[in-house]
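Chains, contacts and geometry: an overview
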Amino acid sequence: MIPYGRQDIQPADIDAVIEVLQSDFLTQGPQVPAFETRIATLCDVPYALAMSSATAALHLACLALEVGPGDWVWTVPNTFVASANCALYCQAQIDFVDIDITTGMLCPAALEQKLKTAAQQNRLPKVIIPVHFGGASAPMQQIAELVRPYDIKIIEDASHAIGGTYLAQPIGQAIYSDFCVFSFHPVKIVTTAEGGVLTTQDTQLAKQIELLRSHGITREPELMQKENPEPWYYEQQALGLNYRMTELQAALGKSQLTRLNQYVTRRNELAARYKAAFSGTPISYLEVPQGCYSAYHLFVIQVPAELRETLFKQMRAAGIGVNVHYIPVHWQPYYQALGFYKGQFPQAEQYYQQAITLPLHPRLTEAQQDFIVKRLFSLLP
Ligand SMILES: *Cc1c(COP(=O)(O)O)cnc(C)c1O
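Right, let's walk through the structure included here. Bear in mind the structure is a predicted one, so any value in this text is a computation, not a measurement. (Residues numbered from 1 in each chain as written. Predicted model: local features only at pLDDT ≥ 70, side-chain atom pairs only at ≥ 80, totals over all residues. Heavy atoms only, no water.)

1. With respect to the sheet that holds strand β3 (residues 93–96)
Cut-off, in case you're wondering: Only strands joined by at least two bridges in the DSSP assignment are considered to pair. A run of H or I in DSSP counts as a helix once it spans at least four residues, and a run of E counts as a strand once it spans at least two, with each numbered from the N terminus. Each axis is a line fitted through C-alpha atoms, and for a helix only the stretch in contact is used; angles between axes span 0 to 180 degrees, taken between their N-to-C directions. By definition in these notes, contact holds between two residues if any of their heavy atoms fall within 4.5 Å.
Judged by pairing direction, the sheet is mixed, and its seven strands sit side by side in the order β1-β11-β10-β7-β6-β2-β3 without closing on themselves. Unpaired on one side and paired on the other, β1 (47–51) and β3 mark the two borders of the sheet. Sheet twist, expressed as the mean angle between neighbouring strand axes with direction ignored, is 20 degrees. Pairing analysis gives five bridges linking β1 to strand β11 (residues 196–200), with the strands arranged antiparallel. Paired with Ala50 across the strands is Val197, a residue of β11. Taken strand by strand, helix α4 (residues 82–89) contacts β2 (72–75), β3, β6 (127–129) and β7 (153–157), and its axis lies near 155 degrees from that of β3. Strands in contact with helix α6 (residues 140–147) are β6 and β7; relative to β7, the strand with the most contacts, it is inclined by about 160 degrees.

2. Thoughts on the layout of surface pockets
To keep it simple, the criterion reads: Think of a 1 Å grid over just the protein atoms. A cavity is a set of points where a 1.4 Å probe fits yet cannot get out, a pocket is an open set with protein on both sides within 12 Å along at least five of seven lines, and lining residues have an atom within 4 Å of a point. Grid points are joined across faces, edges and corners, and a volume is the space filled by probe spheres set on the points.
Empty space within the largest pocket amounts to approximately 880 Å³. In terms of lining, the largest pocket is formed by 31 residues, of which the most central are Glu210, Leu211, Arg213, Ile217 and Glu220. Of all the elements in the fold, those that place two or more residues in the lining of the largest pocket are α2 (31–43), β1, α7 (203–212) and β12 (217–218). The element that contributes the greatest number of residues to the lining of the largest pocket is α7, accounting for seven residues.

3. A short note on the packing of aromatic side chains
Selection rule: Aromatic rings from Phe, Tyr and Trp, with only the six-membered ring used for Trp, were paired whenever their centres fell within 6.5 Å, and each pair was classed as stacked if the ring planes differed by under 30 degrees, edge-to-face if by over 60, and tilted otherwise. Charge-over-ring placement is defined geometrically: NZ (Lys) or CZ (Arg) within 6 Å of the ring centre, and within 35 degrees of the ring normal.
A full pass over the atoms with the stated rule returns 17 aromatic pairs. An aromatic cluster is present here, built from Tyr274, Phe278, Tyr285, Tyr296, Phe299 and Phe377 joined pairwise through their rings. Geometry around Tyr233 places Lys226 over its ring, the cationic atom sitting 4.8 Å from the centre. When the ring centre of Trp331 is taken as origin, the NZ or CZ atom of Lys342, which lies over that ring, is 4.5 Å away.

4. Thoughts on the packing of helix α10 (residues 305–317) against helix α13 (residues 366–379)
What counts, and what does not: Angles are sorted into four bins: roughly parallel if under 35 degrees, roughly antiparallel if over 145, roughly perpendicular if 65 to 115, and oblique for all others. By convention, the crossing between two helices is left-handed when the near helix turns anticlockwise from the far helix through less than a right angle, and right-handed when the turn is clockwise. Here the term charged refers only to Asp, Glu, Lys and Arg, the term nonpolar to Ala, Val, Leu, Ile, Met, Phe, Trp, Tyr, Cys and Pro, and the term polar to all other amino acids, Gly among them.
Orientation of α10 relative to α13, taken along the N-to-C sense of each, is 135 degrees, at an axis distance of 10 Å. Between α10 and α13, the angle is such that the two are oblique. Every pair of crossing elements has a handedness; the one defined by α10 and α13 is right-handed. Contacts between α10 and α13 involve Leu311, Gln314 and Met315 from the former and Ile372, Arg375, Leu376 and Leu379 from the latter. Grouping the amino acids of the contact of α10 with α13 by side-chain chemistry returns five nonpolar, one polar and one charged.

5. Thoughts on the environment of Val329
We count it as follows: Three labels apply to residues, based on accessible area from a 1.4 Å probe with only protein chains included: buried if under 20% of the type maximum, exposed if over 50%, partly exposed otherwise in between.
Relative to the elements of secondary structure, Val329 occurs in the loop between α10 and α11 (333–336). Residue class for Val329 comes out buried when judged on its relative accessible area of 0%. When the C-alpha positions of Val329 and Met51 are compared, they lie 24 Å apart, and in sequence the two are 278 residues distant. In this structure Val329 touches Pro77, Thr79, Phe80, Val81, Ala84, Phe96 and Tyr335, once residues within four positions along its chain are discounted.

6. Let's talk about the site of the ligand
Heads up, the condition is: Being near a molecule or strand, for a residue, comes down to having at least one heavy atom within 4 Å of it. Here a polar contact means two N or O atoms within 3.5 Å. Within protein one must be a hydrogen donor candidate and the other an acceptor candidate, and residues neighboring in sequence count only if both atoms are side-chain atoms. In this description, accessible areas are obtained by the Shrake-Rupley approach with a 1.4 Å probe, and a residue is regarded as covered only by the protein chains that are shown. Assignment to a cavity or pocket requires that more than half of a molecule's atoms be within 2 Å of the site's grid points.
Every one of the 15 residues lining the ligand counts as a neighbour, but Thr55, Asp157, His160, Ser183 and Lys188 are closest to it. A distance of 3.0 Å is found between an oxygen atom of the ligand and a side-chain nitrogen or oxygen belonging to Lys188. Contact with the protein chains hides 93% of the accessible area of the ligand, taken as 380 Å² for the molecule alone. Judged by the proximity of its atoms to the pocket grid, the ligand belongs to the second largest pocket. At the level of elements, α3 (54–64) and α4 are the ones that each hand at least two residues to the shell around the ligand.

7. Quick word on the sheet that holds strand β15 (residues 292–293)
Taking strand neighbours across the sheet as the criterion, the three strands line up as β9-β8-β15 in an open arrangement whose pairing is antiparallel. Only two strands of the sheet have a single partner each, and these edge strands are β9 (169–170) and β15. Sheet topology note: the strand β8 (residues 165–166)/β9 ladder contains two bridges and is antiparallel. Paired with Thr165 across the two strands is Pro170, which belongs to β9.

8. Let's talk about empty space enclosed by the protein
One pass over the structure, following the stated rule, counts three cavities of 30 Å³ or more. What the largest cavity holds in volume is close to 120 Å³. Grouping the amino acids of the lining of the largest cavity by side-chain chemistry returns 10 nonpolar, four polar and one charged. Its volume calculated, the second largest cavity comes out at about 80 Å³. If you go around the second largest cavity, the residues you meet are Ser137, Met140, Glu156, Tyr166, Gln169, Pro170, Ile171, Gly172, Gln173, Ala174, Ile175 and Tyr176. Along the lines of polarity and charge, the residues of the lining of the second largest cavity split into seven nonpolar, four polar and one charged.

9. Let's talk about the pattern of salt bridges
So the rule is basically this: A side-chain nitrogen of Lys or Arg and a carboxyl oxygen of Asp or Glu constitute a salt bridge if their distance falls within 4 Å.
Counting across every chain of the model gives 14 salt bridges. The partner of Arg363 in a salt bridge is Asp8, with the nearest N and O atoms 3.4 Å apart. In this pair, Arg363 sits in the loop between β17 (355–358) and α13 while Asp8 sits in the segment before α1 (11–21), placing the two residues 355 residues apart along the sequence. One salt bridge in this structure joins Arg213 and Glu36, with 2.9 Å as the shortest N-O distance. Highlighted residues: Arg213 in the loop between α7 and β12 and Glu36 in helix α2, separated in sequence by 177 residues. Assessed through its relative accessible area of 11%, Arg213 is described here as buried. A relative accessible area of 11% places Glu36 in the buried class. The structure contains a network of salt bridges with shared partners spanning Arg266, Glu269, Arg273, Glu366 and Asp370.

In structure tokens form, the structure reads like this:
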């Protein structure tokens, strides 16, 4: 099966991990800070904080923004469930903003409308979580502009998007948001096996995240309440979790990052080959909005809804690991039980019913890609 996404592990990555295994520290050593520094430099942002997953990063971002019972958090239906679950971990209420079907991302007009209604009903969200679907940035400038009249915080879910740029700035700079979150799951752009990083411009928020990811404990005397602490003393100041990244993961990530540009360039080349093959055919694909350079985590085509399932099965039968991103979150049974219903976010639902994700990753060969395209055309009526 040609997978839709796959990690690329080179000998240098393996050496980097082995070196850590032979070193003094498997966790809480020098690798995590070094990995964080690389990301901070890459994203031109003062703070980058590594953790055990993007899901953990989203949870801590919500906690640091003091999301709690009685608060609302908004995200989009076209995302992985983790973008919505983070609000529920904090006992907040979740709601969704519909998408623009041409990009798969949050629709500014839908947001504007929903904000107006919510303002009238006194139900404005505390936090909004736009998703950089497929590796291109959501329209952050417009989103930031729309929420400005209200006191609404923004967390970018950039799980797909490390290496992409928005208005000529690296995604992760977090200038339109309070936090930006990356995932390093193996199907994403670069991997740490499991892992995530959260970036921010805000010193106080960064300090809070550092505390929360490690039990709410500090070992820095200048941050402690106790005066003249004993040398063994540590202090728990908040109810944190253990969301730390290991040294092995950070070493792998650091090694992977040396090839980030190469990966993103190759993904863009392969995406351009798909686009060339589909131009002037009935197959359409998601647009990368103006001002965006996509990291191209996903290449999504749109086919007539009545053909989607058959095409999917036939492609799989031909050894092509097509996928679907995403089943609208509000269609999941867990969310239906919260009161969401089908038909509630029609753009995301129509998008979903037409979507097929084609394989795209740096190790995909042009011959494999040509086979995928040829097979797809042969299956069209
Ligand atoms: C992968 C992904 C996540 C979760 O990432 P993990 O690192 O696996 O926790 C969250 N949001 C989106 C959009 C993702 O694609």
